[in-house]
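Architecture and fold: a report
The residues making up each chain are set out below.
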Amino acid sequence: MLPMTMLPSYRDLPRVNDLPASWGLLGSGGPDYFGCLNLMTPDKLVAAARLVTRGAVFALNWSADLPDPPMFGRLKHTHEVQDRSTGHDDVLHGWNTQSSSQWDGFRHVRNVPNGFYDGVPDADHGVDHWARRGIAGRAVLCDVGRWRAAQGRPLQCGEPDVIEPDDILATLEAQGSPLEHGDILLMRTGWTEWYETSTDAAMRAAAADRATLKAPGLPSGERTAEFLWDLHIAAIGADNPAVEVWPQGTGQNADHVAELKANHPERMHEVFAHSLLLPMLGIPLGELFDLSALATDCAADGRYACLFVSAPLNIPHGVATPPNALAIK
């Protein structure tokens with residue numbers, strides 16, 4: 001693996017079928033199942049552990065019952081409590097690992113024509129690799145929702161409000177919380193709080209349908225891939241539905257977006273950053289993280305860096321997993 005100080009910029013990355021790729025740069029030889037998680041080195045974890053001074057713990061999983069109904073056409077699970085002779089068992093029927101807080105694993109999105117991360121066959125990837133290793137290191141909360149509100153232009157959680165890369169950088173500067181290479185970036189928009197406080201059934205139904213969902217996020221397409229790669233972070237976890245803005249291609253010509261989706265899957269990266277971030281760059285994406293309590297605490301004490309630990313589910317060949325994440329200060 002190249003030292004972090006030697007990693008190329010996005011524009012200087014090697015190319016695979018003319019797309020920038022981190023393949024072969026981050027692992028230690030052989031198939032790489034970890035991508036940018038390789039940047040969470042033991043020495044960085046030791047340094048992150050020193051951030052714990054109060055013993056304050058913040059759980060980042062949202063309720064497994066939210067959103068309700070689930071988004072992107074996923075089924076709503078049912079929870080059965082079975083009576084046993086000595087107590088009870090839980091059974092979840094129809095449970096989708098991406099129905100609430102989640103890490104998108106490297107099997108979640110392929111790049112056309114390049115396939116999955118590092119050229120590893122689909123079935124060989126899985127969140128079980130991450131589970132056996134664990135995810136632990138330094139995280140920085142970027143409370144862009146609070147910062148935007150302070151600028152007099154609050155994020156519109158029910159609209160495709162683009163969070164520009166400069167908004168992220170300005171938020172981090174205002175907080176006095178610089179990112180270090182190999183960090184987890186936690187991006188708070190306030191979306192989960194907005195969703196929880198709304199009792200509008202029509203809004204929730206519209207949010208569940210990928211055709212009618214509108215949500216703020218980073219720009220669609222390659223701008224976001226370039227921005228996040230050049231930060232040299234290990235991963236990003238956010239409280240919005242897709243990290244990037246929704247609908248896909250927001251800000252671009254609607255006919256152009258429709259044409260790409262219908263006829264040019266090899267160019268989906270122009271309107272959907274996922275198709276670069278996961279399969280080409282190896283940057284794990286966390287969605288629907290519950291960052292509200294952590295954000296309140298960070299605003300109160302002015303400390304936005306924390307120890308972050310996440311225990312993915314050990315599902316062989318799993319596509320995604322709840323993060324089971326904690327932020328500790």
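Residues numbered from 1 in each chain as written. Predicted model: local features only at pLDDT ≥ 70, side-chain atom pairs only at ≥ 80, totals over all residues. Heavy atoms only, no water.

1. Notes on the sheet that holds strand S8 (residues 184–187)
If you walk across this open sheet you meet the nine strands as S3-S13-S11-S7-S8-S9-S10-S6-S12, and the pairing is mixed. Strands at the two margins of the open sheet, each flanked by one partner only, are strand S3 (57–59) and strand S12 (320–321). In the sheet, strand S7 (residues 135–142) pairs with S8 via four bridges, with the strands oriented parallel. Directly across from Val140, in S8, lies its bridge partner Leu185. Against the sheet, helix H4 (residues 165–175) engages S7 and S8, with an angle of about 90° to S7. (Pairing = 2+ DSSP bridges. Helix = DSSP H or I, 4+ residues; strand = E, 2+ residues; numbered from the N terminus. Contact = heavy atoms within 4.5 Å. Axes fitted to C-alpha atoms, helices over the stretch in contact; angles between N-to-C directions.)

2. Structural notes on the pairing of strand S4 (residues 78–84)
The sheet contact formed by S4 and strand S5 (residues 87–93) spans seven bridges and is antiparallel. Along S5, the bridge assignment pairs Asp83 with His88. Where S4 folds back on S5, the antiparallel hairpin that results is connected by two residues.

3. Examining the environment of His88
Of note, His88 is situated in strand S5. With a relative accessible area of 56%, His88 lands in the exposed category. (Buried < 20%, exposed > 50% of the residue type's maximum accessible area, 1.4 Å probe, protein only.)

4. Section: the environment of Val109
The topology assignment puts Val109 in the loop between strand S6 (102–104) and helix H2 (127–133). Take Val109: its relative accessible area is 11%, and that puts it in the buried class. Taking the C-alpha atoms as reference points, Val109 and Leu276, separated by 167 residues in sequence, lie 9.0 Å from one another. With near-sequence residues (within four places) excluded, Val109 lies in contact with Phe116, His274, Ser275, Leu278 and Pro279.

5. Some points on the side chain of Ser101
Inspection of the secondary structure assignment puts Ser101 in the loop between S5 and S6. Of note is the side chain of Ser101, whose polar atom sits 2.7 Å from the backbone nitrogen of Trp62. Reaching out from Ser101, the side chain makes a polar contact with the backbone oxygen of Leu288 at a distance of 2.6 Å. Sequence-distant contacts of Ser101, defined by excluding residues within four places in its chain, comprise Leu60, Asn61, Trp62, Glu287, Leu288, Phe289, Asp290, Thr321, Pro322 and Pro323. (Polar contact = N/O pair within 3.5 Å; in protein donor to acceptor, adjacent residues only side chain to side chain.)

6. A look at the layout of surface pockets
Of the voids in this model, the largest pocket is the one considered here, and its volume is about 330 Å³. Across the lining of the largest pocket, the residue classes break down as nine nonpolar, four polar and five charged. (1 Å grid on protein atoms, 1.4 Å probe; cavity = no way out; pocket = protein on both sides within 12 Å on 5 of 7 lines; lining within 4 Å. Points joined across faces, edges and corners; volume = space filled by probe spheres on them. Nonpolar A, V, L, I, M, F, W, Y, C, P; charged D, E, K, R; others polar.)

7. Describing the packing of aromatic side chains
Summed over the entire model, instances satisfying the criterion amount to 10 aromatic pairs. Aromatic side chains Trp62 and Trp191 sit 6.4 Å apart centroid to centroid with 75° between the ring planes, which places their arrangement in the edge-to-face category. Separated by 129 residues along the polypeptide, Trp62 in the loop between S3 and S4 and Trp191 in helix H5 (residues 191–197) bring together distant segments of the chain. When the ring of Trp191 is compared with that of Trp194, the centres are 5.8 Å apart and the planes differ by 50°; the resulting orientation is tilted. One end of the pair, Trp191, and the other, Trp194, are both in helix H5, three residues apart, so they sit about a helical turn from each other. Positioned above the aromatic ring of Phe34, the side-chain terminus of Arg133 is 4.4 Å from the ring centre. (Phe/Tyr/Trp six-rings, centres within 6.5 Å; stacked < 30°, edge-to-face > 60°. Lys NZ or Arg CZ within 6 Å of the ring centre and 35° of its normal.)

8. Focus: the nonpolar core
Formed by 70 residues in total, the largest nonpolar core has its most connected members in Leu60, Ile168, Ile184, Leu186, Leu228, Ile236 and Phe308. Look past the residues within four positions of Ile184 in its chain and what remains in contact with it is Met40, Trp103, Ile135, Arg138, Ala139, Val140, Ala234, Ala235 and Phe308. By size, the runner-up hydrophobic cluster in this structure holds 19 residues, among which are Trp62, Cys157, Trp191 and Met203. (Core = buried A, V, L, I, M, F, W, Y, C linked by side-chain atoms within 4.5 Å.)

9. Quick look at empty space enclosed by the protein
Counted under the stated rule, the structure contains one cavity of 30 Å³ or more. Considered as a void within the structure, the largest cavity measures approximately 50 Å³ in volume. For the lining of the largest cavity, the class distribution of residues is five nonpolar, two polar and three charged.

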